[in-house]
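Per-entry structural report
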Amino acid sequence: MDHYDSQQTNDYMQPEEDWDRDLLLDPAWEKQQRKTFTAWCNSHLRKAGTQIENIEEDFRDGLKLMLLLEVISGERLAKPERGKMRVHKISNVNKALDFIASKGVKLVSIGAEEIVDGNVKMTLGMIWTIILRFAIQDISVEETSAKEGLLLWCQRKTAPYKNVNIQNFHISWKDGLGFCALIHRHRPELIDYGKLRKDDPLTNLNTAFDVAEKYLDIPKMLDAEDIVGTARPDEKAIMTYVSSFYHAFSGAQKAETAANRICKVLAVNQENEQLMEDYEKLASDLLEWIRRTIPWLENRAPENTMQAMQQKLEDFRDYRRLHKPPKVQEKCQLEINFNTLQTKLRLSNRPAFMPSEGRMVSDINNAWGCLEQAEKGYEEWLLNEIRRLERLDHLAEKFRQKASIHEAWTDGKEAMLRQKDYETATLSEIKALLKKHEAFESDLAAHQDRVEQIAAIAQELNELDYYDSPSVNARCQKICDQWDNLGALTQKRREALERTEKLLETIDQLYLEYAKRAAPFNNWMEGAMEDLQDTFIVHTIEEIQVRQLVPRRDQALTEEHARQQHNERLRKQFGAQANVIGPWIQTKMEEIGRISIEMHGTLEDQLSHLRQYEKSIVNYKPKIDQLECDHQLIQEALIFDNKHTNYTMEHIRVGWEQLLTTIARTINEVENQILTRDAKGISQEQMNEFRASFNHFDRGEAEFARIMSIVDPNRLGVVTFQAFIDFMSRETADTDTADQVMASFKILAGDKNYITVDELRRELPPDQAEYCIARMAPYNGPDGVPGALDYMSFSTALYGESDL
């Protein structure tokens, strides 16, 4: 080649005539190349917001030539000279030619001076070199590349069309059916191929070129008349035009593939974000419930009445039976969700999820520990309080009974002791009064014990913090004061009676003489007085009362005996059930432990087996509920001990909750193993080998410390089978990377370093387009346009390398 040569031309196409001779043989070819190459350049330059009108003129200063190369390569060239002098222009063109040469193209006989001088043949030759390198060289179809690859692609795509036979890049395209077939094969809705006729090439070519421009974003590079009016259309022009179809359709395929990759990645991210939101909400709700519940459990302020304390006990029973069990399940679910999320993140190349401050699994476990610490001893405190109130009620009733009996006995006694009946009494009357008074003193002494008992009961009520102590104390004080007063009045009356007796005896001596003389009369008189005064019954009423109390006491004993028999029946009933349920729970716990070690069959088989097992456990719940009912009867009957069983209701509750939690966690482990297996392509045989290795993990090996640092990074001293699988299958699963997602966005963006809102909405499903739009930062690069979005930092952020 005299004026234009490219070392790589022979790599791209069959040997052909020299460039000069082509143009001399058919000047129409130059016209076709000028038109095609100009349109091709503009299809790329418009991405940078410019275009050319005249191919040999507009590239002379090298500026648009450098820009064209930057657009089609996606790379930056050296900074151009902005001066208008020839030397500046030559410098810019040389920078462009140097860049082309850096891509492995040897340019021979194409010099910067000819381009700056506007040499048409040299300019067209240079553009053809660029087209070959950037639009045709990288085409690869079934082991063939460049020109042969493009030709094979055309043949493969048009094979189903009987009236199309593509053998070259000139006369095979003259009737226009080749162009129409390519469009119809990829976008059948754009052309009604059945109506096309081979003998109407102008219509065919115009149809293809118009549709391509309107729907495929391929500018019109040739006129139909140029092709039809030429014996042999220019090969370079046709190749350039056809390569645009290849890139449009393979670009559409790439865009679809890119969009699918992005959709897949976004779907994973959206699902993970939803799982994170769900975790945060569940964690927040659970922590709030714990925060509200702990003060209630820590409140040990006693109530004044048995009824109020029994209500508290009932509230606690409701808490343990109705309110806490769902929270135990929520806590278990939270841990399961967390583990599943971390597995999914690990399998999709994402960084581990870090919950917000205070909502880590460890924070929830700590809060739960505080809850159970507050709960610990609460029921025992309630029962002790009920025992105390039962004792207080008993003592208060005893106090009231004794006080009432005492008050009934003392009623009228002060008035009786204050009587001055001795002032008008005779000596014999005085003696009778003295005898009566002595009987009263004996009675008074006998009542001393009761008063002391009343005072002792009042003292005990005070010591046990009886809520109504003030009224008890007031009544006791009144009784004691009255008792002291009765003692004083009794002493005073005795003294008065003895003084009167002594006085009357003196008087009696004076009358003795007279009495002797009137003996018959005196005898009669004294007898009558004795008859009148002798009969007074002090204990008669009390004796009657005792006779009435004996049958009442017998009835109370009978009732108490029946109550104790009923209580014993309740104890036996609870004990019999608890002694069955307790060991059943223990057995199930041991069985789950064995199942998780001795798992056989596929993971799906194991999952099915475990779910059946879980179902059988859940079906046992009515027996737990029945035991709760029996326990409630026991507590309401104020039974505090049970020799028929060592199991308390709390033992059963905790065991049952642990059983449900353990089976749920075991199921989740298998589910996560399935996720890992599917993501990493682990066969069932490998999984069985892993399980066998895990079950016989030799802790004595020298490698143990190193392996443990990988499988137990938190040094909990526990190695899960999940962590073991991850260790054993460290090959990276088939997952997307940030770079791949970035490359996919670049395709959708038409090779730009930014993407627009319209492009996102055009290429992605609505919800995923809006997801990106909401999260992508504005693009700040120098080549940006208003509203441009930064897909690069967004892609990086998807994989946690920076914050979204």
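Residues numbered from 1 in each chain as written. Predicted model: local features only at pLDDT ≥ 70, side-chain atom pairs only at ≥ 80, totals over all residues. Heavy atoms only, no water.

1. What to know about the overall build of the protein chain
The criterion, for reference: Only runs of H or I of at least four residues qualify as helices and only runs of E of at least two qualify as strands under DSSP, and these elements are numbered from the N terminus. Only protein chains enter the calculation, and the probe is 1.4 Å; a residue is then buried if its accessible area is under 20% of its type maximum, exposed if over 50%, and partly exposed in between. Methods summary: accessible areas were calculated by the Shrake-Rupley approach with a probe of 1.4 Å, and residue burial reflects only the protein chains presented.
For the protein chain, the helix and strand inventory stands at 31 helices and six strands. The 804 residues of the protein chain split such that 43% are buried. Carbon and sulfur atoms make up 51% of the accessible area of the protein chain, which amounts to about 42,800 Å² in all.

2. Here we look at the nonpolar core
Filter applied, for reference: Buried Ala, Val, Leu, Ile, Met, Phe, Trp, Tyr and Cys residues form a nonpolar core when they are joined through side-chain atoms within 4.5 Å. Any two residues whose heavy atoms approach within 4.5 Å at even a single point are treated as in contact.
Counting residues in hydrophobic clusters, the biggest one holds 79 residues, and the most contacted among them are I127, I130, F179, I183 and F245. In terms of residue count, the dominant contributor to this core is helix α8 (residues 120-136) (12 residues). The contact partners of F245, leaving out residues within four places of it in the chain, are W153, F179, L182, I183, A212, L216 and I218.

3. Digging into the packing of helix α16 (residues 378-410) against helix α18 (residues 427-463)
Heads up, the rule is: The axes used here are C-alpha line fits, helices contributing only the stretch in contact, and every angle between their N-to-C directions lies in the interval 0 to 180 degrees. Here the word oblique covers every angle except those under 35 degrees (roughly parallel), over 145 (roughly antiparallel) and from 65 to 115 (roughly perpendicular). The handedness criterion is simple: a crossing whose near helix is rotated anticlockwise from the far helix by less than a right angle is left-handed, and one whose near helix is rotated clockwise is right-handed. Throughout, the ten residues Ala, Val, Leu, Ile, Met, Phe, Trp, Tyr, Cys and Pro are labelled nonpolar, Asp, Glu, Lys and Arg are labelled charged, and all others, Gly among them, are labelled polar.
Their axes nearest at 10 Å, the elements α16 and α18 cross at an angle of 155 degrees. Considering the angle they form, α16 stands roughly antiparallel to α18. The two elements α16 and α18 meet at a crossing, and its hand is left-handed. Contacts from R391, L392, L395, A396, K398, F399, K402, A403, I405, H406 and W409 of α16 reach α18 at F440, D443, L444, H447, R450, V451, Q453, I454, I457, A458, E460 and L461. Classifying every residue of the contact of α16 with α18 gives 14 nonpolar, three polar and six charged.

4. Section: unusual backbone geometry
One non-glycine residue, D217, lies in the positive phi region at around 60 degrees. Residue position: D217 is located in the loop between α11 (201-215) and α12 (224-228). Given a relative accessible area of 51%, D217 falls into the exposed group. Positive phi, close to 70 degrees, is recorded for N349, a residue that is not glycine.

5. Concerning the packing of aromatic side chains
So the rule is basically this: Stacked, tilted and edge-to-face are the three classes assigned to paired rings of Phe, Tyr and Trp, where Trp is represented by its six-membered ring and a pair needs centres within 6.5 Å; plane angles under 30 degrees give stacked, over 60 edge-to-face, the rest tilted.
Across all of its chains, the model carries 28 aromatic pairs by this definition. Centre to centre, the rings of F209 and Y241 are 4.6 Å apart; their planes meet at 25 degrees, and the pair counts as stacked. Remark: Y241 occurs in helix α13 (residues 235-298) and F209 occurs in helix α11; sequence separation between them is 32 residues. No difference in accessibility class separates F209 from Y241, as the two residues are buried. A centroid spacing of 5.0 Å and a plane angle of 65 degrees characterise the contact between Y466 and Y467, whose relative ring orientation is edge-to-face. Its relative accessible area of 42% is what places Y467 among the partly exposed residues. A connected cluster of aromatic rings, assembled from ring pairs, spans F169, W173, F179, F209, Y241, F245 and F249.

6. Quick look at the packing of helix α14 (residues 306-347) against helix α15 (residues 361-375)
In contact at an axis separation of 11 Å, α14 and α15 are set at 165 degrees when each is read in the N-to-C sense. Looking at the two axes, α14 sits roughly antiparallel to α15. As for how α14 packs across α15, the hand of that crossing is left-handed. Touching F316, Y319, R320, K324, K327, V328, K331, L334, E335 and F338 of α14 are V361, I364, N365, W368, L371, E372 and E375, all from α15.

7. Focus: the environment of W409
Threshold: Two N or O atoms form a polar contact when they lie within 3.5 Å of each other; inside protein one atom must be a possible hydrogen donor and the other a possible acceptor, and for residues adjacent in sequence the pair counts only when both atoms belong to side chains.
Mapping W409 onto the fold places it in helix α16. C-alpha of W409 to C-alpha of L444: the two residues are 35 residues apart in sequence and 9.9 Å apart in space. Here the side chain of W409 touches H447 through a polar contact of 3.5 Å, side chain to side chain.

8. Comments concerning the layout of surface pockets
Operational definition: Lining residues are defined by having an atom within 4 Å of a point belonging to a cavity or pocket. Those points lie on a 1 Å grid over the protein atoms alone, cavities being sets where a 1.4 Å probe fits but cannot get out and pockets being open sets with protein on both sides within 12 Å along at least five of seven lines. Grid points are joined across faces, edges and corners, and a volume is the space filled by probe spheres set on the points.
If you add up the space inside the largest pocket, you get close to 1,800 Å³. Lining the largest pocket are 47 residues, with K47, H247, A248, G251 and G750 sitting closest to its centre. Put simply, the parts of the chain that give the lining of the largest pocket at least two residues each are α3 (27-45), α5 (63-73), α8, α9 (146-158), α13, α28 (738-748) and α29 (757-763). For the lining of the largest pocket, the leading source of residues is α13, giving 13 residues. Class assignment of the residues belonging to the lining of the largest pocket gives a composition of 20 nonpolar, 12 polar and 15 charged.

9. Things to note about α28
The test is simple: This arc describes the spread of directions from the helix axis toward the C-beta atoms.
When we look at burial in α28, the residues that qualify are A738, V741, M742, S744, F745 and L748. Seen from one end, α28 has its buried residues packed into an arc of 160 degrees, which puts them on one side. Immediately beyond the C-terminal end of α28, within one or two residues, lies G750, with a positive phi of roughly 65 degrees.

10. Remarks on the side chain of S795
Secondary-structure assignment places S795 in helix α31 (residues 791-798). Judged by its relative accessible area of 0%, S795 falls in the buried class. Side-chain polar atoms of S795 contact the backbone oxygen of Y791, separated by 2.7 Å. Excluding residues that lie within four positions of it along the chain, S795 makes contacts with A738, V741, M742 and F745.

11. As for the environment of H447
Among the secondary structure elements, H447 is positioned in helix α18. At a separation of 3.0 Å, a polar atom in the side chain of H447 contacts the side chain of R450.

12. Thoughts on the pattern of salt bridges
What counts, and what does not: Put simply, a salt bridge is a Lys or Arg side-chain nitrogen that is within 4 Å of an Asp or Glu carboxyl oxygen.
Under the definition given, this model contains 59 salt bridges. One salt bridge in this structure joins E57 and R60, with 3.1 Å as the shortest N-O distance. Assessed through its relative accessible area of 39%, E57 is described here as partly exposed. One salt bridge in this structure joins R292 and E288, with 3.8 Å as the shortest N-O distance.

13. Some points on the side chain of T123
Along the chain, T123 turns up in helix α8. Polar side-chain contacts of T123 include one of 2.7 Å to the backbone oxygen of N119.

14. Digging into the confidence of the model for the protein chain
We count it as follows: Values of pLDDT, the confidence the predictor places in each residue, fall between 0 and 100.
Residue-level pLDDT values for the protein chain average 84, and 85% of them are 70 or greater. Element-level mean pLDDT values for the protein chain span from 38 in helix α1 (residues 9-12) up to 95 in α11. Within the model, pLDDT remains below 50 along residues 1-25, and this stretch shows 61 contacts once partners closer than five positions in the same chain are excluded. Taken as a whole, residues 534-540 scores under 50 in pLDDT and shows six contacts with residues more than four places along the chain or in a different chain.

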